[in-house]
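Residue-level structural notes
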Amino acid sequence: MVKDQCDAGFYCKINIRTNYISDLRTKQNVLERSCRMNSSQSIIEKTLKLGAHNYHPKDVVIERAEGCMVYDPEGRQYYDMLSAYSALNFGHRHPEIIAAAIDQLGKVTLTSRAFHNAVLADFYEKLCALTGKERVLPMNTGAEAVETALKTARRWGAMVKGVENGKQEIITCSNNFHGRTIAIVSFSTDPVAREGYGPYCPGFKTVPYGDVSALESAINENTVAFLVEPIQGEAGVIVPPEGYLKKAREICTKHNVLLIADEVQTGFARTGRMFACEFEQVEPDIYVLGKALGGGVMPISAIAADSDIMDVFTPGSHGSTFGGNPLACAVSIKAMEILVRDDYPKMAEEKGRYFMNKLRQVKNDQIVDIRGKGLLIGVELSVPADEYVKKVIKAGVLAKETHERTIRFAPPIVISYAEIDDACRKIQSAFAQDRAGAGAG
Ligand code: PLP
């Protein structure tokens, strides 16, 4: 009896211990499985399986980010040298912008434009002050802002210039990038962006970028606007010939044609000026703005113009449910405040010069050109850039090729000089590997 009791106790202890171990093993398995489930690889697989393949992202998963650094689920860290195509001029999660968002989250986030909201007027005031324009029309994405500018120009053409409605023409540039809507891809010269989306919108003419004579020749009595990027970002950081914008301004004024500057990518200090048009002291009739306007936190875009142009809009003639929402406005107000207070244009100009000099020291025979303004820099190669991009990423710097042979480097403007040095060492090592004959990463 005593022995039995003793045995029972013994086996019971063993059982408890065995159960405990098997429980631990199960927990460990679950943990391992969940780790595997959330690994970069599994996330990429799920994304590719369930999402439309309208992008071809690099094999990096960003799980968290701060300033100009991003981290993947495995804890690898990278410098962000794309900055969400210049939407992250302030870096990731700028503490003051996040604080402004949190504050607004505790008040009201969405009202629609059926009612006034308490933040929109201040957003207008800040953006009017930055652009020197009298009025603002808020939207959400860059493409919507471009669409808004096109609608403004067509309506202005019909209502103010006196062009017969339906005959308005807008001149655009070769190799432009203004977004992805049907109207915008109608005048894209990139076959990949256009293919299969017909019928295309009429009313657009294309002239070579940088060619003022072609611009003037294309103008007729129905021309209402010329739409141009002061620097073509997506085309491969193409800086037009000096004097181009100034001459384009003169031509537009002479022929009573609106000059629309798409500063979605170049605006808000990216190029070393608040707006890239400032390089030639040019004032466009309409600014098209987006990306960094949202402080890297919210999508918000806008056009800014004077009343004689903006007053073509009447209630119901244009709008957006989310355009001008209080959360995006609060974030944007803070972002614009920081831009001016901390002199971001100067920061971008000085750091850009420093970064560009460092990049010029990278030794690789395949680099044929390094160009850009401020912290919008393109490194053009004599060969397709994707293999180099892979190596640069492997070395710890996120960048992407644009138009096959150019790698764009556009870090957050908050990047420090020490970080530029460190990132350049990594870029140098990625390019040097190739000289040593090492395979692509
Ligand atoms: N305009 C320019 C110059 C751009 O670079 C972009 C995007 O890269 C857009 C418009 C479109 O902006 P979004 O992607 O926010 O629609």
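Everything discussed here concerns the structure shown above.
Procedures and definitions
Residues numbered from 1 in each chain as written. Predicted model: local features only at pLDDT ≥ 70, side-chain atom pairs only at ≥ 80, totals over all residues. Axes fitted to C-alpha atoms, helices over the stretch in contact; angles between N-to-C directions. Helix = DSSP H or I, 4+ residues; strand = E, 2+ residues; numbered from the N terminus. Left-handed = near helix turned anticlockwise from the far one by under 90°. Contact = placed C-beta atoms within 7 Å. Nonpolar A, V, L, I, M, F, W, Y, C, P; charged D, E, K, R; others polar. Parallel < 35°, antiparallel > 145°, perpendicular 65-115°, else oblique. Pairing = 2+ DSSP bridges.

A word on the packing of helix H5 (residues 120-131) against helix H12 (residues 326-341). It is the contact of H5 with H12, at a shortest axis distance of 9 Å, that shows an interaxial angle of 35°. The two elements H5 and H12 cross, and the hand of that crossing is left-handed. Across the interface between the two elements, Leu 120, Asp 122, Phe 123, Lys 126, Leu 127 and Leu 130 from H5 touch Cys 329, Ser 332, Ile 333 and Met 336 from H12. Residues of the contact of H5 with H12, tallied by class, amount to seven nonpolar, one polar and two charged.

Before going further, it helps to examine the packing of helix H4 (residues 95-105) against H12. How two helices pack is summed up by the angle between their axes together with the distance between the axes. Where H4 contacts H12, the two axes come as close as 9 Å, and the packing angle between them is 150°. Viewed along their axes, H4 and H12 adopt a mutual orientation that is roughly antiparallel. Between H4 and H12 the crossing geometry is right-handed. Here H4 contributes Glu 96, Ile 97, Ala 100, Ala 101, Gln 104 and Leu 105 to the contact with H12, which in turn contributes Pro 326, Leu 327, Ala 330, Val 331, Lys 334, Ala 335 and Ile 338. Looking at the contact of H4 with H12, its residues break down into ten nonpolar, one polar and two charged.

Let's shift gears to the sheet that holds strand S4 (residues 135-139). If you trace the seven strands from one edge of the open sheet to the other, you get S4-S10-S9-S8-S7-S5-S6, paired in mixed fashion. Either end of the sheet is taken by a strand with one partner, and the two such strands are S4 and strand S6 (204-207). Strand-to-strand twist of the sheet, defined as the mean angle between neighbouring strand axes without regard to direction, takes the value 20°. Both S4 and strand S10 (residues 301-305) contribute to a ladder of five bridges, which runs antiparallel. Bridging across to S10, Pro 138 finds its partner in Ala 302. Its contacts with the sheet place H5 against S4, strand S9 (286-289) and S10, and it is angled at close to 55° to S10. Running over the sheet, helix H10 (residues 244-254) touches strand S7 (223-228) and strand S8 (258-262) and is turned about 145° from S8.

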